[in-house]
There are 4 protein chains.
Amino acid sequence: MEWSEKQLQILEVAEELFAEKSYEGTSVRDIAQKAEVNIAMISYYFGSKEKLLEALIEYRASYAAGVVDELEKKGITDPQRKMDRLIDFYVERILVNHRFHNIMSRQLSMISEEKLRNKMIDIKQKNMELVRKVILEGQRKKVFRKVDVDLTMATITGTISQVTLAKGYYCKLMNAEDLEFSEYISKMKTRVKTHLKQLIGAHLDIKNA
Amino acid sequence: MEWSEKQLQILEVAEELFAEKSYEGTSVRDIAQKAEVNIAMISYYFGSKEKLLEALIEYRASYAAGVVDELEKKGITDPQRKMDRLIDFYVERILVNHRFHNIMSRQLSMISEEKLRNKMIDIKQKNMELVRKVILEGQRKKVFRKVDVDLTMATITGTISQVTLAKGYYCKLMNAEDLEFSEYISKMKTRVKTHLKQLIGAHLDIKNA
Amino acid sequence: MEWSEKQLQILEVAEELFAEKSYEGTSVRDIAQKAEVNIAMISYYFGSKEKLLEALIEYRASYAAGVVDELEKKGITDPQRKMDRLIDFYVERILVNHRFHNIMSRQLSMISEEKLRNKMIDIKQKNMELVRKVILEGQRKKVFRKVDVDLTMATITGTISQVTLAKGYYCKLMNAEDLEFSEYISKMKTRVKTHLKQLIGAHLDIKNA
Amino acid sequence: MEWSEKQLQILEVAEELFAEKSYEGTSVRDIAQKAEVNIAMISYYFGSKEKLLEALIEYRASYAAGVVDELEKKGITDPQRKMDRLIDFYVERILVNHRFHNIMSRQLSMISEEKLRNKMIDIKQKNMELVRKVILEGQRKKVFRKVDVDLTMATITGTISQVTLAKGYYCKLMNAEDLEFSEYISKMKTRVKTHLKQLIGAHLDIKNA
DNA sequence: CATGAATGAGAGTTCATTCAT
DNA sequence: GATGAATGAACTCTCATTCAT
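About the thresholds
Residues numbered from 1 in each chain as written. Chains lettered and ligands numbered in written order. Predicted model: local features only at pLDDT ≥ 70, side-chain atom pairs only at ≥ 80, totals over all residues. Heavy atoms only, no water. Helix = DSSP H or I, 4+ residues; strand = E, 2+ residues; numbered from the N terminus. Buried < 20%, exposed > 50% of the residue type's maximum accessible area, 1.4 Å probe, protein only. Contact = heavy atoms within 4.5 Å. Lys, Arg positive; Asp, Glu negative; His and termini not counted. Charge placed at Lys NZ, Arg CZ, Asp CG, Glu CD. Near = heavy atom within 4 Å. Polar contact = N/O pair within 3.5 Å; in protein donor to acceptor, adjacent residues only side chain to side chain. Nonpolar A, V, L, I, M, F, W, Y, C, P; charged D, E, K, R; others polar. Phe/Tyr/Trp six-rings, centres within 6.5 Å; stacked < 30°, edge-to-face > 60°. Lys NZ or Arg CZ within 6 Å of the ring centre and 35° of its normal. Least-squares fit on C-alpha atoms with pLDDT ≥ 70 in both. Buried area = accessible area lost by both parts, 1.4 Å probe. Salt bridge = Lys/Arg side-chain N within 4 Å of Asp/Glu carboxyl O. Axes fitted to C-alpha atoms, helices over the stretch in contact; angles between N-to-C directions. Parallel < 35°, antiparallel > 145°, perpendicular 65-115°, else oblique.

(A) Examining the overall build of chain A more closely. The helix and strand inventory of chain A stands at 10 helices and zero strands. Counting helices and strands in the order they occur from the N terminus, chain A gives α-α-α-α-α-α-α-α-α-α. Judged by the C-alpha coordinates and their principal axes, chain A covers about 60 × 40 × 30 Å. Across the 209 residues of chain A, 55% fall into the buried class. Nonlocal contacts in chain A, meaning residues at least 24 apart in sequence, comprise 69% of its contacts between residues at least 6 apart. The averaged location of the 31 negative side-chain charges in chain A is 5 Å from the averaged location of its 35 positive side-chain charges.

(B) Layout of the protein's contact with DNA strand F. Taken together, 30 residues sit near DNA strand F, with Asn-38 of chain A, Arg-29 and Lys-49 of chain B together with Asn-38 and Tyr-45 of chain D positioned nearest. By atom count, sugar and phosphate contribute 59% of the portion of DNA strand F lying within 4 Å of the protein. Here a phosphate oxygen of DNA strand F and a backbone polar atom of Lys-49 of chain C are 2.8 Å apart. Within the contact set of DNA strand F, a base nitrogen lies 3.5 Å away from a side-chain nitrogen or oxygen of Tyr-44 of chain D. Contributions of two or more residues to the surface near DNA strand F are made by helix 3 (40–46) of chain A, helix 2 (28–34) and helix 3 (40–46) of chain B, helix 2 (28–34) and helix 3 (40–46) of chain C together with helix 3 (40–46) of chain D. Of the residues in the surface near DNA strand F, the class split is 14 nonpolar, 10 polar and six charged.

(C) Structural detail: the packing of aromatic side chains. Summed over all chains, the structure comprises 28 aromatic pairs over all chains. With 5.6 Å between their ring centres and 45 degrees between their planes, Tyr-44 of chain A and Tyr-45 of chain A make a pair best called tilted. The aromatic ring of Tyr-169 of chain D is capped on one face by Lys-124 of chain C, whose charged end is 5.4 Å from the ring centroid. Positioned above the aromatic ring of Tyr-23 of chain D is the side chain of Lys-49 of chain D, whose terminal nitrogen or guanidinium carbon lies 4.5 Å from the ring centre.

(D) Geometry of the relation of the copies chain D and chain C. Least-squares fitting of chain D to chain C yields an RMSD of 0.1 Å, with the transformation described by 0.0 Å of translation along the axis and a rotation of 180 degrees. Between the two chains, the operation in question is that of a two-fold axis. For chain D, the residue whose C-alpha comes nearest the rotation axis is Gly-158 of chain D, separated from it by 2.0 Å. Comparing contact sets, 98% of the residues at the interface of chain D also lie at the interface in chain C, consistent with an isologous, same-surface contact.

(E) Structural context of the protein's contact with DNA strand E. As a structural note, the neighbourhood of DNA strand E is formed by 30 residues, with Asn-38 and Tyr-45 of chain B, Asn-38 and Met-41 of chain C together with Val-28 of chain D the closest of them. Protein-proximal atoms of DNA strand E, defined as those within 4 Å of the protein, fall in sugar or phosphate at a share of 58%. Val-28 of chain A is positioned such that a nitrogen or oxygen atom in its backbone is 2.9 Å from a phosphate oxygen of DNA strand E. For the surface near DNA strand E, the secondary-structure elements that each account for two or more residues are helix 2 (28–34) and helix 3 of chain A, helix 3 of chain B, helix 3 of chain C together with helix 2 (28–34) and helix 3 of chain D. For the surface near DNA strand E, the residue count by class is 14 nonpolar, 10 polar and six charged.

(F) Seen up close, the interface of chain A and chain B. Contact with chain A, which involves 48 residues of that partner, is made by 49 residues of chain B. Where chain A abuts chain B, roughly 4,300 Å² becomes buried across the two surfaces, and 58% of that area is made up of carbon and sulfur atoms. At the boundary of chain A and chain B, one finds four salt bridges. Between Asp-150 of chain B and Arg-191 of chain A there is a salt bridge, with its nearest N and O atoms 3.4 Å apart. At the junction of chain A and chain B, the tally comes to 18 residue pairs in polar contact (both at pLDDT 80 or more). Sorting the residues of the side of chain A that touches chain B by element identifies helix 1 (5–21), helix 6 (98–108), helix 7 (114–140), helix 8 (149–165), helix 9 (167–173) and helix 10 (181–204) of chain A as the ones contributing at least two each. Among the elements that take part in the side of chain A that touches chain B, helix 8 of chain A stands out by supplying 13 residues, more than any other. Among the residues forming the side of chain A that touches chain B, the class breakdown is 19 nonpolar, 17 polar and 12 charged.

(G) The arrangement of the packing of helix 6 (residues 98–108) of chain D against helix 8 (residues 149–165) of chain D in detail. Residues and elements named next belong to chain D. The N-to-C vectors of helix 6 and helix 8 enclose an angle of 105 degrees; their axes lie 10 Å apart at closest approach. In terms of orientation, helix 6 lies roughly perpendicular with respect to helix 8. Here His-98, His-101, Asn-102 and Ser-105 of helix 6 lie close against helix 8, whose contacting residues are Ser-161, Thr-164 and Leu-165. Across the contact of helix 6 with helix 8, the residue classes tally to one nonpolar, six polar and no charged.

Printed below as a string of structure tokens:
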């Protein structure tokens, strides 16, 4: 799907506001005003508020997909190093797209519309497929031990999510309460990468079995 | 604070609906209707919709507090075993109160009202303080290695959150799409406990350093 | 009608709030809260909000009536001096009861309930009857000239009303914007008396014909 | 400010109902229904009920302003005649706009919103400035004696107000209880003009000093 | 006799959407 | 293709009043 400049403007603003105030807590007026377009435009361009959310998900999902493929092409064979790269990649990606990620994780448990729901699950699944593949490969190579693969994926996304969702809490822990979101993100990025690599490394390492 | 039976009824229903459709997506009408009380009762009892959320948080928070103390009194000295117990406890607690937990994690990044926000952060902090204490103790005893304590806590809550928030996704992975929430929870409970104990165990174990 | 202490308390507060925020703009809750009685008391004691207004009017009206009689008994014969005394009396009375007076003048044009409406008109009529009598007497004695008696009465009450209703305006004219109501009243009292005596004096004096 | 036809319709109806039932006693539903517009239009056009009142005041105030200038241009030099003309003008104006005038005099003592309050006081002040000017001029020319100028203005507006506010009372005095408002107004107009000219004339005339 | 609990009705406002142009 | 005007529905909250105790 191709979007006009105005449509992109709306999508960006919608993402920002949905992340900040939730889908339900954001009115199309808010979006229209911040995007400096007429209120009627949202219905006109996207059909409805719900369709706008759908469009946003489609838009971000498609954008993300390409990057996954790119990573796969790099020729790294050692499972341990592959996993480290994957963690770098996921942390980077989720933290850069933290707004979209927050919307997704909040909405996933709420959306009842079949099609959209499946779309969201599908995105999640695609994103995690790589992790599964690498883990299974490592197990085959007797480098990784037997673990709960699904929950290992839950740990990776869960840990990163936690960092984006509970900014207020972690800022307080760091005694840096009025940190801008972007500053916060860049401060946490390396910490999260290091933590997850160590965590998942020890978790998977067959020598620890 | 003591609540009457009708007030409890409202709180219970509010929790259910806030979890299901978000705070913003739930109207006081919805709550009144499901709780089978007059719509004016919500304002009458709690003052406003926001105060109802506040009351809910206070109600659930106080309920949880006692349990933490109780755990502390059990005389377990081995840090590894202590941590295992803690994980059992947290998984149990978050999964049993998954609705409240979801509300909290969704709302934490959105509530702007100072007092309520601090309350929520406070609850989170109190809940995690025990984990911090056990980790630090284990490190002192040279049983645990040096780790990022804050992020270790993020991993614990993040992993559990992930399981409650992304039911749809994990159901699909298990090919059990129409599972009731309670069935899903009981199915996941032991898996999550086992996974986290293994994960955090390997993470903290000084022998893996 | 005899009122209990609590009822009087309610009546006083009602008068204060009706004057300040109008009958419609005052809720029974406001009254109950300020009078420190249970909300249900207003309906319980007076039947309804409207009946409370009725009771208030009755209460204040009866209180005022006695004073009129008292004045009549003083043996002053000169119409000019009689009129001066009457003006003193009315200014005093309206300014002292400015709250009740404001309620009356605001409500008179709005009350549709027949009985209450008549009651209010009756009070006004009784109050003014004395003026009419003195003017007619003065005319009979060839001391006062022919004037529009009804409108002369309108001038007296209108002038005083103006002073109580437009405090903000007159305070601004006097460069004393934050004057307390009671201070304002005592400041204006003599001014209004002097003005009205001079005004009505010149108006009625047959020598000015 | 320019108003559309529908907006004017709302303003007219609002004026009518505010005058009849007071601002607080009139609901936006009442206005919408009588003006035959959707209830949401009031917020849509004016922002809120309070802003509607503000708009009404602005609308009526601006309408009146032009007329004052017009009067000033007529070349009348004799202060007595000037005052007579002014009285004719004010009586005419207040009685024609009796509804707006009533709203103003009722609301002036109640509005707490700073800006609107000042606006109202400003209107009153502008309206009365001319009277002050003429009186001072007459005093300079030794035609008028020394009087309380502010209260002389209070007398003029107070007398006219009294006539508009206490229709019920004066109708009863005239034994014409079921008079239409417009009939009542036209009946009183000349009476009020004559009365006030005589009253204020005698009041100001230096020969009566 | 007095009152806390409860309620239906209605308050002002905002919502997402539609429609005529 | 784009938009200002308009709308019905729904929102949260407060109203005056009633009723069981």
